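# What the coordinates show
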Amino acid sequence: MIFTLFFLICPTAGTGQAYTIGDIILKTDQLRNLTGADGSGIGVGVISNGAAGLLQAQESGDLPVDVIILMNGKGSEGIAMMEIIHDIAPGAALLYHDFGGGAQNDFIHAIESLIDAGARIIVDDVGFLQVPYFEDGYTAEKINQILEEHPEVIIVTAAGNNAEIHYQAKFSDDGTGFHSFDGMKAIPIAIQPGGMFSVFLQWDDMYGYSVNDYNLYLEENGELIAFSERIQDGNSLPEEKFTYINDGTSLVQAELRVKKENPSDEDKNIELFINAQKDKVFISRQFLVIEDSIIGQATVPKVLSVAAISPESVNVAERYSSQGFVTISYPEMVVRNKPDITGISNVAVSGAGGFPKIFSGTSAAAPHIAGLLALEWSLFPSIPADDLRDILLSTTLELGEPGWDPVFGHGLPDALKIYGKLQEISPDNPLPSSLAEKQIQAIQSIINPPVMLTGFGEITGPVTITSPGTYTLGKDISHFDGSIITIMSSDVIIQGEGRKIEGLSVQFIDDTTIEQNAIIIHSPDSGRLKNVIIKDLLIEGTTNAIIGRQVDQLHIDGCTISYNTIGIGLFDSNNGIIENCLLSGNAYKGLAIKEGSSDNLVKGNTIEKNLYGIDTIGSINTILEDNIIKDNRRKDVYTPKEPETIIPTVIPTGVTPCVDLNFDGICDDPNETPKPTKTPASSSIPYSYSHQISMTTTYSHPTYYPTAHPTCSG
């Protein structure tokens, strides 16, 4: 009798309490068994929202002790991504750099820092919503340049989770100047109390040179409740955006509308993204457009953009996974085949840093591809990046239509097929040893993480100020942070020097904040602060530009505050002065003085083109002097007349006040009495909550979607 003995090399998968099943699905476990490869010699750089929880993941064995952190960040999604890579390629060097807060130049700096530190594979899951949708912006152009200069580098990115929050079509006038959504006048959105969402509109004018003026509106029962009306005059961005918060106690059934301001303007292709709290904001599925929902760095031709499938249904795309094609209009019309490839979602991670223990989204799919590439490249380190990328895409298991398709890209990778193909080729221009054997170095980032300033200093990014002093804005700041400047001390002066703070919107699975404060002033211990001065600032694109809570003698002088949700909000704050400011185009309120605030002076300001100019209900003795208050969209009890002192009155539920144009507390017509409030008219769009879902949609294509599948938990 003849016995045949098989000797297997034991897999060297990452140890720890969590393990991704994607390792088995991609056959990377079999490749390790077959070859003994573990990714050694290859550096993998990760860019996400933070590496919080690193020590916890190392103690559990889910990450090695030698992870290199160039910039930590605040969140923990980067830890989960690195755990997946470590499971697949446990010998690969892991490097992490935070994404930089939303400014595109800081994101590029993160990529360059990781390359300088020795990374040959870089993977990110940063979902920028404020990038050009119809052309390559700064980030795309710089990444193209980086990849041309570095033949030893591959960049992998999540394709995005935007399939269910996206709409795109050519503008079609319904006869009133508004867009017709397949015969309906609006996209219906239901917002529960406390719910919020941000909406972004672009159209295909050249970025920065828009000559067609489109506007964005949110209505409830025919009344405007939020809007964005930036002026496009040939030197402007083709975009509108606002954030809406339901600060009431009942459900808001709203309608999102798009209008072309001038009938003579060209009918352009319009594109919408709605970034919302999934548990409190609901969108009717029939209005969503899945296709062409990939934007940002995932559209760059040489970047590997990754779609997502679940281990339970590998032939079914996750419902949120962004789909192609990608339509580019400038400098010339081109259609790109994106996504490139498919990875695995809904996999186990340790949960370090408070992250969920099941990691969902294209954010989870992308690091699977990065780990696989590290494993293959460690066996063939002199293969140029272009050759490895081509082999990856030519050896996949097709999941959809033959060849490339807009749902799965080229399909699901097979580690063994890639290995077999790599054995067969001899590259024309192999990498020199200096690149093929690139050494790992810890390069110190020059971008500082959020800091606490005490006494004095220059503000160049998110900060918390904890001591009295004078602080100067050292540069324009663009950031996604929940609060960019937090003041927690009395006797603080902020000198803006005419510079700008801009809020940005970025997506991550890890509960990215939607609400943003440019400046928030509050005591750390629920006490009262006093003597805070803010001068000569421009603030744009935030939810709340300046918020003061329990602040006495707050002085805001010479600030331009435009296109936020709320411009200035004072709550339980007394004896303040707001003067010489421009509050314009804010989607909700230009100025809100609330919650018992008293004896505040509002002097010499221009308050115009906001939804509401001023809201002083709940305040005492607010004094208005020499202000220009005009062209605000809703003129009611929120917008007082000058120069009278506002003395709020309590209005009984169910009645409206009589006409009192001079605010003397006496009906202008002595025979007039308060009248019952009218029942609001029904919405023009019927709501059937049995047919609504939380940021999800339904598919009918029998080839792509043969079985039902759950909504992404992230």
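Here's what I pulled together on the structure shown here. All values derive from a computational prediction rather than experimental measurement.

## Digging into the overall build of the protein
The secondary structure content of the protein amounts to 10 helices and 49 strands. By residue count, 57% of the 714 residues in the protein fall in the buried class. Considering only residue pairs separated by 6 or more positions, the protein has 69% of its internal contacts joining residues 24 or more positions apart. Carbon and sulfur atoms provide 52% of the accessible area of the protein, an area that totals close to 28100 Å².

## Considering a nonpolar patch on the surface
Taken together, the side chains of Tyr 19, Ile 21 and Ile 24 present a nonpolar region at the surface, about 250 Å² in accessible area. Mapped onto the fold, Tyr 19 is located in the segment before α1 (22-25). Residue classification places Tyr 19 among the partly exposed residues on the basis of a relative accessible area of 34%.

## Structural notes on the sheet that holds strand β27 (residues 477-479)
The parallel open sheet is built from 7 strands, whose spatial order is β27-β30-β34-β37-β40-β43-β46. Taken across any chain shown, the strands that pair with only one partner, and hence form the sheet edges, are β27 and β46 (628-630). Averaged over all pairs of adjacent strands, the angle between their axes in this sheet comes to 5 degrees, without regard to strand direction. Relative to strand β30 (residues 500-503), β27 runs parallel, the two sharing 3 bridges. Directly across from Ser 478, in β30, lies its bridge partner Glu 502.

## Description of the pairing of strand β41 (residues 589-594)
Most of β41 is tucked away: 6 of the 6 residues are buried. Note that strand β38 (residues 566-571) and β41 share 5 bridges and pair parallel. Bridge pairing in β41 places Ile 568 opposite Leu 591. Pairing geometry for β41 and strand β44 (residues 612-615), over 3 bridges, is parallel. If you follow Ala 592 over to β44, its bridge partner there is Asp 615.

## What about the packing of helix α7 (residues 362-379) against helix α8 (residues 385-394)?
Relative to each other, α7 and α8 sit at 115 degrees, their axes nearing to 12 Å. Considering only the axes of α7 and α8, their crossing is right-handed. Contact residues: Ile 369, Leu 372, Leu 373, Glu 376 and Trp 377 in α7; Ala 385, Leu 388 and Leu 392 in α8.

## Things to note about the nonpolar core
The biggest cluster of nonpolar side chains holds 65 residues, and the ones touching the most others in it are Val 44, Ile 121, Val 123, Val 156, Phe 359, Leu 373 and Leu 392. The dominant element in this core, judged by the number of residues it contributes, is α7, at 10 residues. Those residues in contact with Val 44 that lie beyond four places of it in its chain are Ile 85, Ala 92, Ala 93, Leu 94, Leu 95, Ala 119, Ile 121, Val 123, Ala 370 and Ala 374. Counting 39 residues, the second largest nonpolar core, distinct from the first, contains Val 463, Ile 494, Ile 501 and Ile 561.

## A closer look at the pattern of salt bridges
Applying the stated criterion across every chain, the model contains 25 salt bridges. For Asp 23, the salt bridge goes to Arg 32, with nearest N and O atoms at 2.6 Å. Per residue, the accessibility class of Asp 23 equals that of Arg 32, and both read buried. The network of salt bridges with common partners includes Glu 148, Lys 302, Asp 386 and Arg 389.

## Things to note about unusual backbone geometry
With an omega of 5 degrees, the peptide bond running from Tyr 330 to Pro 331 counts as cis. Within the element layout of this structure, Pro 331 appears in the loop between β18 (326-328) and β19 (334-336). Look at Lys 27: it is not a glycine, yet its phi comes out positive at around 65 degrees. Within the secondary structure layout, Lys 27 lies in the loop between α1 and α2 (28-35).

## Details of the environment of Phe 178
Of note, Phe 178 is situated in the loop between β7 (166-170) and β8 (187-191). Exposure remark for Phe 178: the relative accessible area of 11% places this residue in the buried category. C-alpha separation for the pair Phe 178 and Lys 259, spaced 81 residues apart in sequence, amounts to 4.2 Å. Ignoring sequence-local partners within four residues, the contact set of Phe 178 consists of Phe 171, Ser 172, Asp 173, Tyr 217, Arg 257, Val 258 and Lys 259.

## Topic: helix α4 (residues 77-88)
With 12 residues, α4 extends 18 Å between its outermost C-alpha atoms, agreeing within 8% with the 16 Å of an ideal straight helix rising 1.5 Å per residue. Most of α4 sits out of view: 12 of its 12 residues are buried. Three or more residues of α4 are buried, namely Glu 77, Gly 78, Ile 79, Ala 80, Met 81, Met 82, Glu 83, Ile 84, Ile 85, His 86, Asp 87 and Ile 88.

## Structural notes on the packing of helix α5 (residues 104-116) against helix α6 (residues 138-149)
Two elements in contact, α5 and α6, have axes whose closest approach is 9 Å; the angle formed by their N-to-C orientations is 20 degrees. It follows that α5 is roughly parallel to α6 by the angle criterion. The interaxial crossing formed by α5 with α6 has right-handed handedness. Contact with α5, carried on its side by Gln 104, Asn 105, Phe 107, Ile 108, Ile 111, Glu 112 and Ile 115, involves Tyr 138, Thr 139, Lys 142, Ile 143 and Ile 146 of α6 and no other residues of that element. Among the residues forming the contact of α5 with α6, the class breakdown is 7 nonpolar, 3 polar and 2 charged.

## Here we look at the packing of aromatic side chains
Two numbers describe a pair of aromatic rings. These are the distance of the centres and the angle of the planes. Inspection of every chain in the model, using the stated rule, returns 14 aromatic pairs. A ring pair is formed by Phe 99 and Phe 508, whose centres lie 5.1 Å apart and whose planes are at 65 degrees; its orientation type is edge-to-face. Of this pair, Phe 99 sits in the loop between β3 (93-98) and α5 while Phe 508 sits in the loop between β31 (506-507) and β32 (517-521); the two residues are 409 residues apart in sequence, bridging distant segments of the chain. Phe 508 carries the same exposure label as Phe 99, and that label is buried. On the basis of an interplanar angle of 55 degrees and a centroid distance of 4.9 Å, the ring pair of Tyr 167 and Phe 181 is categorised as tilted. Taken together, the residues Tyr 167 in strand β7 and Phe 181 in the loop between β7 and β8 connect sequence positions 14 residues apart. For the residue pair Tyr 167 and Phe 181, the accessibility class agrees, reading buried in each case.

## Describing the side chain of Thr 362
Mapped onto the elements, Thr 362 comes out in helix α7. Judged by its relative accessible area of 0%, Thr 362 is buried. Reaching out from Thr 362, the side chain makes a polar contact with the side chain of Asn 161 at a distance of 2.9 Å. Leaving out residues up to four positions away in the same chain, Thr 362 has contacts with Ala 158, Ala 159, Gly 160, Asn 161, Val 306, Ala 307, Ala 308, Tyr 320 and Ser 321.

About the criteria used
- Residues numbered from 1 in each chain as written.
- Predicted model: local features only at pLDDT ≥ 70, side-chain atom pairs only at ≥ 80, totals over all residues.
- Heavy atoms only, no water.
- Helix = DSSP H or I, 4+ residues; strand = E, 2+ residues; numbered from the N terminus.
- Buried < 20%, exposed > 50% of the residue type's maximum accessible area, 1.4 Å probe, protein only.
- Contact = heavy atoms within 4.5 Å.
- Areas by Shrake-Rupley, 256 points an atom, 1.4 Å probe, with all protein chains shown as cover.
- Patch = residues over 30% accessible without salt bridge, like charges linked within 9 Å, V, L, I, M, F, W, Y side chains within 5 Å.
- Salt bridge = Lys/Arg side-chain N within 4 Å of Asp/Glu carboxyl O.
- Pairing = 2+ DSSP bridges.
- Axes fitted to C-alpha atoms, helices over the stretch in contact; angles between N-to-C directions.
- Left-handed = near helix turned anticlockwise from the far one by under 90°.
- Core = buried A, V, L, I, M, F, W, Y, C linked by side-chain atoms within 4.5 Å.
- Expected span 1.5 Å × (residues − 1).
- Parallel < 35°, antiparallel > 145°, perpendicular 65-115°, else oblique.
- Nonpolar A, V, L, I, M, F, W, Y, C, P; charged D, E, K, R; others polar.
- Phe/Tyr/Trp six-rings, centres within 6.5 Å; stacked < 30°, edge-to-face > 60°.
- Polar contact = N/O pair within 3.5 Å; in protein donor to acceptor, adjacent residues only side chain to side chain.

That's the geometry; what it means functionally is another story.
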